[in-house]
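Below are the chains, spelled out letter by letter.
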Amino acid sequence: MTVLQETTRPITQEADFLKLKDLDHVEFWVGNAYQAAYFWQHAFGFRPVAYSGLETGNRSTCSFVLEQGKARFVVTSPYHPDSEVGAHHLVHGDGVKVIAFQVADVEQAFEATTSRGAQGLLQPTETRDEFGVLRHASIAAYGDTVHRFIDRGDYAGAFLPTYRPHQPLGEVKPVGLAHIDHMVGNVQLGKMNHWVNWYHQVMGFRQLKHFDDKDISTEYSALMSKVMENGTGRIKFPINEPAEGLRKSQIEEYLDFYHGPGVQHIAMSTGDILGTVAALRARGVGFLRVPDTYYDMLPDRVGKIDEDFNAIRELGILVDRDDEGYLLQIFTKPIQDRPTLFIEIIERHGARGFGKGNFKALFESLEAEQAKRGNL
Ligand code: FE2
C-alpha cells in the first residue's frame, strides 16, 4: 500500500470563484418515475413533496421530488419516446442525470464556468409562475451528466415551475439520512486527470486526496481515484477511472452498462448507521457483504470505537480509521437492473477519508457479484 498523499491546501477567496452554496438536488432519469418514487419512499424513507406531470400541465415528463434530511432527489421519466429523457433512458437506463447546486447568482456561475471552458447547455433563464421567479442555467459535466445552477431566492413554489405540492401515499418512515456526503463519478480509462483538472479549472474545486491503483486494487477490480471538493468543503466529488487488472475492472463494468461515464454512487450521511442499516435491511435493501474474516481482524485494525463490534458484524457494516478519526460505511448492491448506480451509507467520527482500508475486502466482495453477472 502506498502512503496517502494529503494534497489539501487552503483555497483562496479568488480560487473559489464559483461560490457554490450547497447541493440543491440530484435528478435521476428513470423508466418509471411513479415506481422509482415508491422505492425511494418505502425502501429509503424519503418523503415525496412535489409532483410535475400531466395534471400540472407538464405533457412531456413525469417527476416526483422526494426529501430526507437535507437531501433532495428528483425522479423523472418520459411520457413519449421522441424526447430527450426517453432517448437518454434507452441508452443509459436509470441513473443520475443532473447534479444541481444552489448559487446566489446564476448568471455569474454560468459565465464563470463557461468562460473557463465548460460547455453551456442552458443559458441563464428566468422561469416564472404564481410563486415567483426561479433562475437557473446548466453546463455539461462528464458523459451525459449535467450540472445545474439554481437560485431559488425569489421563488416560493414547491420545487420548480410546473411542480405542485404532493402528499405521500402511505406512511413515510425516514431512516435517518441527513445529507449527501459525496457523489462519485466513473470516467473512461485515461480521463480521470482530465476531469480532475476540469473541476479545478472550471469549477474552482481542489484536490483532496489521491489514491492510486496500488491503494485500491485487488486482483481484478483495479481503479484509480482522485477526490475533488468545492471551496466550502461541503461538496465532494471523487472521480474514478479503471486501472489495469487481470480481468475486467468494476469501473469498466459500469462504463459498459451505463454506456459511458456517469455517477457510480451517492454516499448518504447518517448519525446512526446501526439504526439506518437495520431499517434499510428490514425493508429489503440489499447490501454487499464482506467475508466474516474481515470482522475477526477489525478490533485490532481500527482500535476503540463507540459502536458495538457484534452489532456492526451482524449488519455487515465496515469500519476504517485514519489519523483524524474513524468512519463507518456500507454499500448497497446496484439499485436498478443494470450494474451501475449504488448507494453508500456513511457515518463519520472525525475521519475525512473514504474508507481506503476497506477497499480490498470490499472489492473482493464486489468481484464475487461481478462474476455472478458474467462480467469478470
Ligand atoms: Fe464513497
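Residues numbered from 1 in each chain as written. Predicted model: local features only at pLDDT ≥ 70, side-chain atom pairs only at ≥ 80, totals over all residues. Heavy atoms only, no water.

## Notes on the overall build of the protein
Here comes step 1: The number of helices and strands found in the protein is nine helices and 18 strands.
Here comes step 2: Since a compact globule built from 376 residues should have a radius of gyration of about 21 Å, the 20 Å found for the protein is in line with a globular shape.
Here comes step 3: Here the protein holds 376 residues, and the buried ones make up 55% of them.
Here comes step 4: Restricting the contact set of the protein to residue pairs at least 6 apart, pairs at least 24 apart contribute 69%.
Here comes step 5: Carbon and sulfur atoms make up 51% of the accessible area of the protein, which totals about 16,100 Å². (Helix = DSSP H or I, 4+ residues; strand = E, 2+ residues; numbered from the N terminus. Rg over C-alpha atoms; globule rule 2.2 N^0.38 Å. Buried < 20%, exposed > 50% of the residue type's maximum accessible area, 1.4 Å probe, protein only. Contact = heavy atoms within 4.5 Å. Areas by Shrake-Rupley, 256 points an atom, 1.4 Å probe, with all protein chains shown as cover.)

## Observations concerning the environment of Gly-190
Here comes step 1: Summarising the element assignment, Gly-190 is placed in the loop between strand E11 (177-186) and helix H4 (192-203).
Here comes step 2: Residue Gly-190 is classed as exposed on the basis of its relative accessible area, which comes to 57%.
Here comes step 3: The spacing of Gly-190 and Glu-241 is 51 residues in sequence and 7.1 Å in space, taken between C-alpha atoms.

## Some words on the side chain of Thr-76
Here comes step 1: If you trace the backbone, Thr-76 turns up in strand E5 (residues 71-78).
Here comes step 2: Within the local environment of Thr-76, its side chain forms a polar contact with the side chain of Glu-27, the two groups lying 2.8 Å apart.
Here comes step 3: In contact with Thr-76, other than residues within four places in its own chain, are Glu-27, Phe-28, Trp-29, Val-30, Ala-33, Thr-61, Cys-62, Ser-63, Val-85 and Tyr-163. (Polar contact = N/O pair within 3.5 Å; in protein donor to acceptor, adjacent residues only side chain to side chain.)

## A look at helix H3 (residues 106-114)
Structural remark: α-helix, 3.6 residues per turn; residues separated by three or four positions point the same way.
Here comes step 1: Along H3, the residues that are buried comprise Val-106, Ala-109, Phe-110, Ala-112 and Thr-113. Down the axis of H3, the smallest arc covering the buried residues is 165°, so these residues share one side.
Here comes step 2: Structurally, H3 contributes buried residues whose contacts are with strand E7 (120-129), strand E8 (132-140), strand E9 (146-151) and H4. (Arc of directions from axis to C-beta.)

## Some remarks on the pairing of strand E13 (residues 223-229)
Here comes step 1: Among the seven residues of E13, six are classified as buried, and the element is accordingly described as predominantly covered.
Here comes step 2: Here E13 runs beside strand E14 (residues 236-242); their pairing, made up of seven bridges, is antiparallel. Note on E14: the bridge partner recorded for Glu-229 is Lys-236.
Here comes step 3: Counted along the chain from E13 to the antiparallel partner E14, the turn is six residues long, and its residue Gly-233 has a positive phi close to 80°. (Pairing = 2+ DSSP bridges.)

## Thoughts on the nonpolar core
Here comes step 1: Counting 90 residues, the largest nonpolar core has Phe-28, Val-75, Tyr-199, Met-203, Ile-266 and Met-268 as its most contacted members.
Here comes step 2: Top contributing element to this core by residue count: H4, with seven residues.
Here comes step 3: Split by domain, the residues of this core number at least three in each of domain 1 (22-165) and domain 2 (177-373).
Here comes step 4: Setting aside anything within four residues of it in sequence, one finds Met-268 in contact with Phe-46, Ala-71, Phe-73, Leu-177, His-179, Ile-180, Ile-343, Glu-344, Ile-345 and Ile-346.
Here comes step 5: Ranked by size, the runner-up nonpolar core spans 12 residues in total, among them Ala-50, Ala-100, Ile-150 and Leu-160. (Core = buried A, V, L, I, M, F, W, Y, C linked by side-chain atoms within 4.5 Å. Domains from an automatic or database assignment.)

## Notes on unusual backbone geometry
Here comes step 1: Although it is not a glycine, Thr-162 adopts a positive phi angle of roughly 80°.
Here comes step 2: When its relative accessible area of 34% is taken as the criterion, Thr-162 is described as partly exposed.
Here comes step 3: Phi is positive for His-259, which is not a glycine, with a value near 60°.
Here comes step 4: By the element assignment, His-259 lies in the loop between helix H5 (250-258) and strand E15 (262-270).
Here comes step 5: Residue His-259 is classed as exposed on the basis of its relative accessible area of 51%.

## Regarding helix H6 (residues 273-282)
Here comes step 1: Within the sequence span of H6, burial applies to Ile-273, Thr-276, Val-277 and Leu-280. Projection of H6 onto a plane perpendicular to its axis shows the buried side chains occupying an angular sector of 90°, all on one side.
Here comes step 2: On its buried side, H6 packs onto E11, E15, helix H8 (309-315), strand E17 (325-331) and strand E18 (342-349).
Here comes step 3: Just beyond H6, the residue with positive phi is Gly-284, at close to 90°.

Just distances and angles here, no functional claims.
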